[in-house]
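Close look at the chain arrangement
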Amino acid sequence: MNEETTKTLDVLAAEIRLETLKVIHSLGFGHVGGSMDLAELMAVLYGKVMKFDPKNPRWEDRDWLVLSKGHAGPVAYATYGLMGFYPMEEAYTLNHPHTRFPSHTDRKLTPGVDLTTGSLGQGASSAAGAALGNKIDGRDNRVFCVVGDGEADEGQVWEAFHFAYAHKLDNLVYFIDNNGYQLDGKTCDVLDHGSLAKKAEAFGLYTQEIDGHDVNAIYGAIQNARAKKGVPSCIVLDTCKGKGATFAEPKHDHSSQPNGEQWAEALAAAEKALADAKNA
């Protein structure tokens, strides 16, 4: 990508990060860590790569995004609001009574959500099913699925990879959010995977491992995946859990309940990061 496009996506990532904080701030607590570290991925997908129509969220030829780690819903809500699926302010009702924005993504409630997720591991299988269905229907679209590295403790993730390989789903790209932490601590302490990239490759997926906060690396890896025919892809994103949230990033918190002062500091830092990205 050229410098102008790179800057545009870096700015969009900073906007997504700020809005993600605002969405969670509306409730006062939530899944900050695994939402904030996906801002660059969401910026590349919705700012450069994916086919979608905010006025017609169920457009049949759209590209799909499946957040198998459904607790990262706030970053999706921020992205969809910025893309025009709904007024951004609507997402500031996260998990309030009668909201369209639950803590985990629900396709029946939120415009832009393609599949309901939250039960870890199941989204990986649902994404494979969607990719197979689209291929059977002859649609020229793609399914992108985000899996957490802690979520990869679930055997269903690897069964989904096996299924995707067996059915030659080259219209499917899995992203593993490799931030090194899960609910109960470091992934290497809870259930050490060794190299997730090598494991995914062993299941037959075309696999790349990149810096998950580098928009150029993300875009390049997606283009490489698109060019690979006959096999599904897996892109391992090396990320920092809680990226950009001053109260979460140092501790790599899975979920956070900051006090008012901590919220104010985090929002101010995100505002500055956005200004810096615009002025870069």
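Structural notes, computed from the coordinates. Residue numbers run consecutively from 1 along every chain, following the written order of its sequence. With pLDDT at 70 or above as the cut-off, local features in this predicted model cover only qualifying residues; side-chain atom pairs require 80 or more to be listed or tallied, and sums for whole chains, interfaces and linings still use all residues. Each side-chain value is worked out from all heavy atoms of the structure, with water and hydrogens disregarded.

1. A look at the nonpolar core
Nonpolar side chains in soluble globular proteins tend to be buried together. For this analysis, a nonpolar core means a set of buried residues of the types Ala, Val, Leu, Ile, Met, Phe, Trp, Tyr and Cys, connected via side-chain atoms within 4.5 Å. Residue exposure (1.4 Å probe, protein chains only): buried if accessible area is under 20% of the type maximum, exposed if over 50%, otherwise partly exposed. Core analysis: the biggest nonpolar cluster contains 60 residues, and Leu21, Leu45, Leu65, Phe144, Phe175 and Ile222 have the highest contact counts within it. Helix and strand labels come from DSSP, where a helix needs a run of H or I of at least four residues and a strand needs a run of E of at least two; each type is numbered from the N terminus. Of the residues forming this core, the biggest block, 10 residues, is contributed by helix α1 (residues 3-25). Residues are treated as being in contact if the distance between any of their heavy atoms lies within 4.5 Å. Those residues within four positions of Leu65 in sequence are excluded, and the remaining contacts are Met42, Leu45, Tyr46, Met50, Tyr80, Asp114, Phe144 and Val146.

2. A short note on empty space enclosed by the protein
A pocket here means an open set of points on a 1 Å grid, computed over the protein atoms alone, that has protein on both sides within 12 Å along at least five of seven lines. A cavity is instead a set of points where a 1.4 Å probe fits but cannot get out; residues with an atom within 4 Å of a point line either one. Grid points are joined across faces, edges and corners, and a volume is the space filled by probe spheres set on the points. Evaluation of the coordinates by the stated rule reveals 2 cavities of 30 Å³ or more. The computed volume of the largest cavity comes to approximately 60 Å³. Considering the residues around the largest cavity, the lining is formed by Tyr46, Met50, Phe52, Asp53, Asn56, Pro57, Arg62, Asp63, Phe85, Gly112 and Asp114. Its residues placed into classes, the lining of the largest cavity shows 5 nonpolar, 2 polar and 4 charged. By volume, the second largest cavity amounts to about 40 Å³. What lines the second largest cavity is simply Leu65, Val66, Leu67, Ala76, Tyr80, Thr105, Gly112, Val113, Asp114 and Leu115. In the scheme used here, Gly and all other residues not listed as nonpolar or charged are polar, with Ala, Val, Leu, Ile, Met, Phe, Trp, Tyr, Cys and Pro taken as nonpolar and Asp, Glu, Lys and Arg as charged.

3. Section: unusual backbone geometry
Of note, the phi angle at Asn95 is positive, near 60°, even though the residue is not glycine. The residue Asn95 is located in the loop between α4 (73-83) and α5 (122-136) in this model. For His252, which is not a glycine, the phi torsion comes out positive at approximately 55°. Relative to the helices and strands, His252 is located in the loop between β7 (233-238) and α10 (260-279).

4. Description of the pattern of salt bridges
Pairs may arise between side chains of opposite charge once their charged atoms sit close together. Should a side-chain nitrogen of Lys or Arg be within 4 Å of a carboxyl oxygen of Asp or Glu, the pair is scored as a salt bridge. On inspection of all chains with the given rule, the structure shows 10 salt bridges. Residue Lys69 pairs with Asp177 through a salt bridge whose shortest N-O separation is 2.7 Å. Here Lys69, found in the loop between β1 (64-67) and α4, pairs with Asp177, found in strand β3 (residues 172-178); they are 108 residues apart in sequence, far enough to count as distant. Take Lys69 and Asp177: they sit in the same class, and that class is buried. As a salt-bridge pair, Asp276 and Lys272 come within 2.8 Å of each other at their nearest N and O atoms. Here Asp276 and its partner Lys272 are both found in helix α10, 4 residues apart, which amounts to about one turn of the helix. Residue Asp276 is classed as partly exposed on the basis of its relative accessible area, which comes to 42%. One network of salt bridges, in which partners are shared, links Glu60, Asp61 and Arg139.

So yeah, pure geometry; function would need other evidence.
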